[in-house]
Amino acid sequence: MANNEELFKKIIAHAKEYGFVFPSSEIYDGMSAVYDYGQYGSELKNNIKQYWWKAMVQYNENIVGIDSAIFMHPTVWKASGHVDAFNDPLIDNKDSKKRYRADVLIEDHVAKIEDKIEKEVSKAKSRFGETFDENMYRKTNTRVVEYQQKIDGIKTRFVTAMDANDLVDVKALIEDLEIVCPVSGSRNWTEVRQFNLMFSTQMGSVSEDTNQIYLRPETAQGIFVNFLNVMKSGRMKIPFGIAQIGKAFRNEIVARQFIFRMREFEQMEMQFFIRPGEEMKWFEYWKNERMRWHLSLGMPAEKYRFHDHDKLAHYANAAADIEFDFAFGFKEMEGIHSRTDFDLGSHQKFSGKKLQYFDPELNENYVPYVLETSIGLDRTFLAMLSHAYTEETLEDGTIRTVLKFPPVLAPVKATVLPLIKKDGLPEKAREIMDMLKFDYMCQYDEKDAIGRRYRRQDAIGTPYCITVDHQTLEDNTVTIRERDSMKQDRIGIAEISRIIGERLKTHYIPTPQPE
RNA sequence: GCGGAAGUAGCUCAGUUGGUAGAGCAUAACCUUGCCAAGGUUAGGGUCGUCGGUUCGAGUCCGAUUUUCCGCUCCA
């Protein structure tokens, strides 16, 4: 475990030193858990996106891609449930260090008073027998009325305070009610703080006209609100999917572990619209298919595992994660969720628009069910980087640090190197560089000894090095060095592009979808 | 969010009881060598995380703050 921590630190240091990931705004001391992707990091990230996009959109005739806006109508987040679920006033007890939802503490307190009322009522009931008028008793008994007034007072005060965003008064209310921590039994509370997990901002430049809007906490809703548009304009027939890659924002209380948990992150999502009742068939299909995609990147199978959810979110009736063995243990990388008709049904209700599909085979209209695959791009990036990072001890005892990316994902595909910086070799190498750079991300390097240049390329994971030597000038051949084996082949200049292209071919081919 | 540790050049670090900063590697230029990193010469690069305090004087002592790491907590 300690070794893994050391390794993880080395990976983070390597990522910064070689231009993959930088702390954001570093010259101003950085921002907690915000990172920028550097010159090689952004290449790697783009390559992962492209590999996913091709696998989902290009290779599946019934899946199309969109790119929806980060800003969405505020009601979207009411329909999705995020406004309710992501807005909690929280308070901590300083002695037990336990955190509570302030509204829950107050509700519990109210419930206790209600219990007292019920006790009084049932006591009176048994005393007066059949002649007992419960409603009358509730309205007239002084003790019950007192309790009821107290409850009404608390509720009014709480609702007023919450509406006015007056968290100080919520705290005061908790103090006035002498609520104690169930664990420590003390009344030593912190201030009440609003943990709104959605970032908000204002739209509209004149202050009276502004609307509070949110940065999307997930990309999925952008797909659901475009369900009709895509279905109609694309003449889509169920089953079909809509894919999207984009940023999402969550104001996590604790964001840590490098780029694993960030407040601004990127998702690659696909929502697959299906006939109600067929969700388990598709759940199994996409579970297997997504795992096949991961394995096609050449990572060992034991690095991955499924984790089936026992506790399901409000929108799901089946859910599984694909977890990856990061340096800090198995963690979620992708989720496959059967979301039923929760999302489209909810948007149908809130928008008043019919979000339905006419199924000619069944001759009926229905709200389609949704099967979601949602993968964290930053987490996939981290998985690739962690797994690629290798320190090799060579025969002569020196240590080689090499990033063994799958070639299709490598930031730089090939580097052209003149063996020495004279005798016309740089000119020849430049010619080859100019020939290759329109097809592949390439570099040219003539500084320092050749061995050292190879190592520099190893450190950023370049799979192929093309070396121009004196023989090149005679017969138009070069050597091509393979990163992992360090072996070299001599090939003709005219063949370089084709040979690299061969080796960059994708290994993922989708399994035919079920009937 | 709570507790602990740390922050000196791009990287790894040194800096003695407070006296206004050093090394190696890296980077750039030139020379030399030429197939698996560290030959030579020269140069650039730091208001010692930030702000404030004590002091004639602070990288060094004190306080606050920020960032990172570790543990706890939290987590659709």
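Treat the numbers as computed from the prediction; the structure is a model and nothing was measured.

J.: So what exactly am I meant to see when it comes to the packing of aromatic side chains here?
T.: According to the stated counting rule, one finds 19 aromatic pairs in the structure shown. Taking the centre distance of 6.4 Å and the plane angle of 50° together, the rings of Trp52 and Trp53 count as tilted. By relative accessible area, Trp52 is classed as buried at 0%. Centroid distance Phe240 to Phe273: 5.3 Å. Interplanar angle 35°. Geometry classified as tilted. Pair noted here: Phe240 is in strand S9 (residues 240-249) and Phe273 is in strand S10 (residues 264-274), with a separation of 33 residues, a long-range link. On the basis of relative accessible area, Phe240 is assigned to the buried category, the value being 0%. A relative accessible area of 0% places Phe273 in the buried class. Here the aromatic cluster, defined as three or more aromatic residues joined through ring pairs, consists of Phe224, Phe227, Phe240 and Phe273.

J.: What is the right way to read the sheet that holds strand S12 (residues 318-326) from this model?
T.: Whenever strands of a sheet pair, they do so through backbone hydrogen bonds, lying parallel or antiparallel. The sheet built from seven strands is open, its strands ordered S3-S9-S10-S16-S13-S12-S11 with mixed pairing. In this open sheet, the two edge strands, each paired with only one partner strand, are strand S3 (63-66) and strand S11 (304-308). Between one strand and the next, the sheet's axes are offset by a mean angle of 25°, whatever the strand orientation. Across four bridges, the pairing between S3 and S9 is parallel. Bridging across to S9, Ile63 finds its partner in Gly241.

J.: Would you mind going over the sheet that holds strand S19 (residues 414-418) with me for this structure?
T.: Pairing is mixed in the open sheet, where five strands are placed in the order S20-S19-S21-S22-S23. The strands lining the two open edges of the sheet, one partner per strand, are strand S20 (442-444) and strand S23 (488-492). Direction aside, the axes of adjacent strands within the sheet are offset by 25° on average. Of the pairings in the sheet, the one linking strand S22 (residues 477-482) to S23 comprises five bridges and is antiparallel in character. The residue bridging Thr479 from the neighbouring strand is Arg490, located in S23. In the packing of helix H15 (residues 450-460) onto the sheet, contacts are made with S19, S20, strand S21 (464-468), S22 and S23, and the angle to S19 comes to roughly 170°.

J.: Help me understand the packing of helix H5 (residues 102-128) against helix H8 (residues 167-176) in this model?
T.: Think of two packed helices as two axes; the pair is described by the angle between the axes and how far apart they sit. Where H5 meets H8, the closest approach of the two axes is 11 Å, and the angle between their N-to-C directions is 35°. The crossing of H5 and H8 is left-handed. On the side of H5, the interface is formed by Ala102, Leu105 and Ile106, while H8 contributes Val170, Leu173 and Ile174. Considered class by class, the residues forming the contact of H5 with H8 number six nonpolar, no polar and no charged.

J.: Please explain a positive patch on the surface as it appears in this structure.
T.: Side chains of Lys116, Lys119, Lys123, Arg127 and Lys150 sit close together on the surface and give a patch of like positive charge. With four residues, the top contributor of residues to the positive patch is H5. Locating Lys116 in the fold gives a position in helix H5. Under the relative-accessibility criterion, Lys116 is labelled partly exposed at 44%.

J.: Before we go on, may I ask you to explain the pattern of salt bridges in this structure?
T.: Pairing is possible between side chains that carry opposite charge, provided their charged atoms lie close to one another. According to the stated counting rule, one finds 34 salt bridges in the structure shown. Ionic pairing is found between Lys281 and Glu278, a salt bridge with its closest N-O pair at 3.6 Å. Looking at Glu278, the relative accessible area reads 26%, which means it is partly exposed. Across the pair Glu495 and Arg498 runs a salt bridge, and its minimum N-O distance is 3.3 Å. Classification of Arg498 as partly exposed rests on a relative accessible area of 48%.

J.: Which parts of the structure should I look at to understand the confidence of the model for chain A?
T.: Atom-level detail of predicted coordinates should not be read off regions where pLDDT is low. A residue-level look at chain A finds 94% of positions with pLDDT of 70 or above and a mean pLDDT of 87. Across chain A, the element-wise mean pLDDT spans from 68 in strand S6 (residues 193-196) up to 96 in S3. The complex prediction reports pTM at 0.83, with the ipTM value standing at 0.83.

Reading guide: rules and limits
- Residues numbered from 1 in each chain as written.
- Chains lettered and ligands numbered in written order.
- Predicted model: local features only at pLDDT ≥ 70, side-chain atom pairs only at ≥ 80, totals over all residues.
- Heavy atoms only, no water.
- Phe/Tyr/Trp six-rings, centres within 6.5 Å; stacked < 30°, edge-to-face > 60°.
- Buried < 20%, exposed > 50% of the residue type's maximum accessible area, 1.4 Å probe, protein only.
- Helix = DSSP H or I, 4+ residues; strand = E, 2+ residues; numbered from the N terminus.
- Pairing = 2+ DSSP bridges.
- Axes fitted to C-alpha atoms, helices over the stretch in contact; angles between N-to-C directions.
- Contact = heavy atoms within 4.5 Å.
- Left-handed = near helix turned anticlockwise from the far one by under 90°.
- Nonpolar A, V, L, I, M, F, W, Y, C, P; charged D, E, K, R; others polar.
- Patch = residues over 30% accessible without salt bridge, like charges linked within 9 Å, V, L, I, M, F, W, Y side chains within 5 Å.
- Areas by Shrake-Rupley, 256 points an atom, 1.4 Å probe, with all protein chains shown as cover.
- Salt bridge = Lys/Arg side-chain N within 4 Å of Asp/Glu carboxyl O.
- Lys, Arg positive; Asp, Glu negative; His and termini not counted.
- Charge placed at Lys NZ, Arg CZ, Asp CG, Glu CD.
- pLDDT = per-residue confidence, 0-100.

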